[in-house]
Amino acid sequence: MNIKTYAEYQANNETPEILFWVGCAGSFDARAQKVTKAFVEILNHVGIQFAILGKEEMCTGDPARRAGNEFLFQMMAFNNIQTMNMYEVKKIVTTCPHCFNTLKNEYPELGGNYEVISHAVYLQQLINEGKLKMKENGEFKGKRITYHDSCYLGRANNIYEAPREVLQALDGELVELKRCRTNGLCCGAGGAQMFKEDEAGDTRINFERTNDVIESGATVVASNCPFCLTMLNDGIKNKEKENDIQALDIAEMIARSI
Amino acid sequence: MQYLQQIAFILISGIAIFLFIKKVAEIRRNILLGKDEDLTDHKDQRWRNLMLNALGQKKMFKNPMVAVLHFFVYAGFIIINIEILEIILDGITGHHRLFQPMLGGLYSFLINVFEILAFLVLSACVIFLFRRNITKVKRLNMGELKAGWSRSDANYILLFEIVLMSLFLIMNAVDLNLQALGSSHYVQTSSFWISSLIQPIFSGMSESALIGIERFCWWAHIVGIFVFMNYLPYSKHLHVILAFPNAFYARLEAKGTMQNMPDIQKEVLYMMQPELAPTNVDPNAVMKFGAKDVQDLSWKNLLDAYSCTECGRCSSACPANQTGKKLSPRKIMMDTRDRLEEVGKNINVNKEFKDDGKTLLHDYITVEELRACTTCNACVEECPVSISPLDIIIQLRRNLVMEESNSPQEWNAMFSNIENNMAPWKFSPDDRDAWVNQ
């Protein structure tokens, strides 16, 4: 894989077109790492000059802020903004909608002004511009695919169509979940829930969401968020449907189809 | 006798308006107990939100049947007010149907429109009562509504509107009978569309009996309206007024944006770059983080609380609520209003707020409720009157974590991982790019 850090670009007096913000899940979580690699594969495929921050990247602070720990959030934001401003970062693409939301909506007020795009929108642009072409008879052709809206792309940022358009390029049969778009049901991970047990209740939110997926009759549930992916995977395992339904990130699906 | 009616009318309306203004001023004072926040930028966008979401009730149309019925009640409520203007002027001047001679044919047309609206309001309210009490729509019968006042409040409003509309129609029907008898005070109009259908019920009655009924309906109708007006500020029905400012002042940023805390931003800056820290800081200044009670919230949060009509669309969309957790965004709003009313009463009695040993956090809203939120914004998306329960939840969480150090063990671990390893999990920051070579 051809991956360079911003520091390496700078050492060669070069400037990458774009910063790929990997995020903590994309860096450390075994499942999300596959999404990271798939996205890098796509970036290399289209020949974009991109950089990562590597060891210099830190958590954006999203889970800390949403749990209520504003001090920790501000510390992370301060450091990340210092790093990115030092490199004079202009444009960021990220595979994590939580990072996307924080970088795009919350960093500007703190002095971090960048053009931030989610990988869903980026992939849609690449497809629309003809830079990404799907191969004939790809893996997902004719398959029943459904899409789970992540809260942080969907309601939080009103991105509903781009990921669907990306999926349409796969030539599958796209079906909607009964709760979708603005009515989409959360996977249960947001607001720092990813890092704690559910409060007492009748069921887990991801189990409830998995029921929607099963009901749709789809064999693939596509998502755009590493946390949703974990939640959906756990839900599918809980319902013992892992042989029938795969939970995949849209980047993985595109990487397998080019 | 006529003068007596006029004097009584002026007296009653004066008292009603006085009491209403007094309570409105109190609510305004309560809302302004919240922290200052400037929400007047992008006026064009704000007016558009007001037109679409308050006047046009855009969000209601997710469920078209309910939206249309609600629109009948709402349009009826607003348009019939034009008729109330005549009723009030009649009451003061002692005339009967003051506008009739001025408007002629148009007058009867207008009354016909009002009658149709009255009939639609009446029918919609009957259907709403049915939905609440017979078919028991889930969101209208959830936890926080089961106990007492809130449930009754909703039914009272519907019954009130049904009674008011019935009085209006009966009044007109009897009026038509009096016109047919040529009763002196009752000016001739053409027949009315709806009330003419019930007119036969009263035919054959004596003139004095008819006048008695007409006067009773007229008085009951207008006094009823005054009572209703004064009931509004104590009721969830206040949304008919506050939905408008609430739509106007709604936050305009993307919903995912959490409000910044500039105080903490500065603290962190001074920590990272001590050379920037001011030297003349007051060592006794106490910073308070997040919200523990209603006064710590923004005035917009408090306006939200008074605007809530307890419809429960938020709670039925809430993933935590749907999976049986204690969190209900509607309860967050109801609790905030209840606590604010309590604080307001405290101020009424003591001139200024006297510590009553209670706070919104803990005494009204529990830690368990706050912990269940996924910040998914479903409640914010759903709300037809532009309320954000999430904004309140986050501010209470901030207080819990930063003032009380009250967070679950797993969150403490997550915090320390972020602080030490720059990631919420316990991995070495040196391995952040290890995936590159795997």
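What you see is a predicted model; the values in this text were computed from it and never measured.

Each value, and the rule that gives it
Residues numbered from 1 in each chain as written. Chains lettered and ligands numbered in written order. Predicted model: local features only at pLDDT ≥ 70, side-chain atom pairs only at ≥ 80, totals over all residues. Helix = DSSP H or I, 4+ residues; strand = E, 2+ residues; numbered from the N terminus. Rg over C-alpha atoms; globule rule 2.2 N^0.38 Å. Buried ≥ 20, exposed ≤ 12 C-beta atoms within 10 Å, placed from the backbone. Contact = placed C-beta atoms within 7 Å. Expected span 1.5 Å × (residues − 1). Nonpolar A, V, L, I, M, F, W, Y, C, P; charged D, E, K, R; others polar. Pairing = 2+ DSSP bridges. pLDDT = per-residue confidence, 0-100. Axes fitted to C-alpha atoms, helices over the stretch in contact; angles between N-to-C directions. Domains from an automatic or database assignment.

1. Remarks on the overall build of chain B
Check the secondary structure of chain B and you find 20 helices and 0 strands. The C-alpha atoms of chain B give 28 Å as radius of gyration, which overshoots the globular expectation for 438 residues (22 Å, by more than 25%). Overall, chain B is about 95 × 50 × 40 Å in size when its C-alpha atoms are taken along their principal axes. Here chain B, with 438 residues, has 38% of them falling under the buried criterion. Partitioning the intrachain contacts of chain B with sequence separation of at least 6 by distance along the chain shows that 78% fall at a separation of at least 24.

2. A look at helix H19 (residues 389–404) of chain B
The end-to-end C-alpha separation of H19(B) is 22 Å, in line with the 22 Å expected for 16 residues at 1.5 Å each. With 14 of its 16 residues buried, H19(B) lies for the most part within the structure.

3. Regarding the interface of chain A and chain B
Interface size is often expressed as the accessible area that is lost when the parts come together. Across the boundary between the two partners, chain A contributes 56 residues, which contact 55 residues of chain B. Secondary-structure elements contributing two or more residues to the side of chain A that touches chain B are helix H2 (23–28), helix H3 (30–46), helix H4 (62–67), helix H5 (70–86), helix H6 (97–106) and helix H9 (205–216) of chain A. The element contributing the most residues to the side of chain A that touches chain B is H5(A), with 7 residues. Counted by class, the side of chain A that touches chain B contains 24 nonpolar, 17 polar and 15 charged residues.

4. Description of the pairing of strand S8 (residues 220–223) of chain A
For a regular strand, the rule is simple: side chains alternate between the two faces of the sheet. All names here are of chain A. The side-chain alternation of S8 yields two buried faces, one formed by Val220 and Ala222 and the other by Val221 and Ser223. Taken together, the 4 bridges between S8 and strand S9 (residues 246–249) define a ladder with parallel strand orientation. In the sheet register, Val221 faces S9, and the bridge partner there is Ala247.

5. Points about the confidence of the model for chain B
Summary statistics for chain B give a mean pLDDT of 94 and a share of 100% for residues scoring 70 or more. Predicted as a complex, the structure gets a pTM of 0.96 and an ipTM equal to 0.97.

6. Some remarks on the sheet that holds strand S6 (residues 144–147) of chain A
All names here are of chain A. As summarised here, the arrangement of the 4 strands in space is S7-S6-S8-S9, forming an open sheet in which the pairing is parallel. At either end of the open sheet lies a strand with only one pairing partner, and these are strand S7 (173–176) and S9. Each neighbouring strand pair of the sheet contributes to a mean axis angle of 35°, computed without reference to strand direction. Packed onto the sheet, helix H10 (residues 226–238) meets S8 and S9 and runs at close to 175° relative to S9.

7. Notes on the domain arrangement of chain A
All names here are of chain A. Domain annotation of chain A identifies domain 1 (4–124) and domain 2 (134–255). A separation of 23 Å is found between the C-alpha centroids of domain 1 and domain 2. Taken together, the elements giving at least two residues each to the side of domain 1 that touches domain 2 come down to H2, H3, H4, H6 and helix H7 (119–128). In terms of residue count, H3 provides more of the side of domain 1 that touches domain 2 than any other element does, 8 residues in total. For the side of domain 1 that touches domain 2, the per-class residue count stands at 14 nonpolar, 8 polar and 5 charged.

8. A short note on the environment of Glu115(A)
All names here are of chain A. Within the secondary structure layout, Glu115 lies in strand S5 (residues 115–118). For Glu115, a count of 11 C-beta atoms within 10 Å translates into the label exposed. Between the C-alpha atom of Glu115 and that of Gln125, which follows or precedes it by 10 residues, the distance is 15 Å. Ignoring anything within four residues of it in the chain, the contact list for Glu115 reads Lys90 and Lys91.

9. Brief notes about the domain arrangement of chain B
Residue and element names in this part refer to chain B. In terms of domains, chain B is made up of domain 1 (2–31 + 63–248) and domain 2 (262–277 + 285–429). If you average the C-alpha positions of domain 1 and of domain 2, the two centres end up 40 Å apart. Every contact between the two is made by 20 residues of domain 1 and, on the other side, 22 residues of domain 2. Listing elements by their share of the side of domain 1 that touches domain 2, those giving two or more residues are helix H1 (2–31), helix H6 (143–146) and helix H10 (239–248). Ranked by the residues each element gives to the side of domain 1 that touches domain 2, the list is headed by H10, at 6 residues.

10. What to know about the sheet that holds S5(A)
Residues and elements named next belong to chain A. Ordered in space as S1-S3-S2-S4-S5, the 5 strands form an open sheet in which the pairing is parallel. Edge positions in the sheet fall to strand S1 (4–5) and S5, since each has one partner strand and no second. The pairing of strand S2 (residues 18–21) with strand S3 (residues 50–52) spans 2 bridges and is classified as parallel. Bridging from a neighbouring strand, Leu19 pairs with Ala51 of S3. Helix-sheet contacts for H7 involve strand S4 (91–94) and S5, and the interaxial angle to S5 is about 85°.

11. Remarks on the environment of Pro63(A)
Tracing the backbone through its elements, the reader meets Pro63(A) in helix H4. Remark: the alpha-carbon pair of Pro63(A) and His98(A), spanning 35 residues in sequence, is separated by 8.6 Å. Setting aside chain neighbours within four positions, we find Pro63(A) in contact with Ala192(A), Met194(A), Phe195(A), Met414(B) and Pro424(B).

12. Quick look at unusual backbone geometry
Residues and elements named next belong to chain B. Phi is positive for His42, close to 45°, though the residue is something other than glycine. Along the polypeptide, His42 turns up in the loop between H1 and helix H2 (43–55). By the C-beta count within 10 Å, which is 11 here, His42 ends up exposed. Phi at Met422 is positive, roughly 60°, even though this residue is not glycine. Along the chain, the position of Met422 falls in the segment after helix H20 (409–421). With 21 C-beta atoms packed within 10 Å, Met422 lands in the buried category.

13. As for the pairing of S4(A)
Residue and element names in this part refer to chain A. Sheet analysis places S2 next to S4, joined by 3 bridges and oriented parallel. Its bridge partner being in S4, Leu19 is matched across the sheet by Ile92. Both S4 and S5 contribute to a ladder of 4 bridges, which runs parallel. Following the sheet pairing, Ile92 is matched in S5 by Val116.

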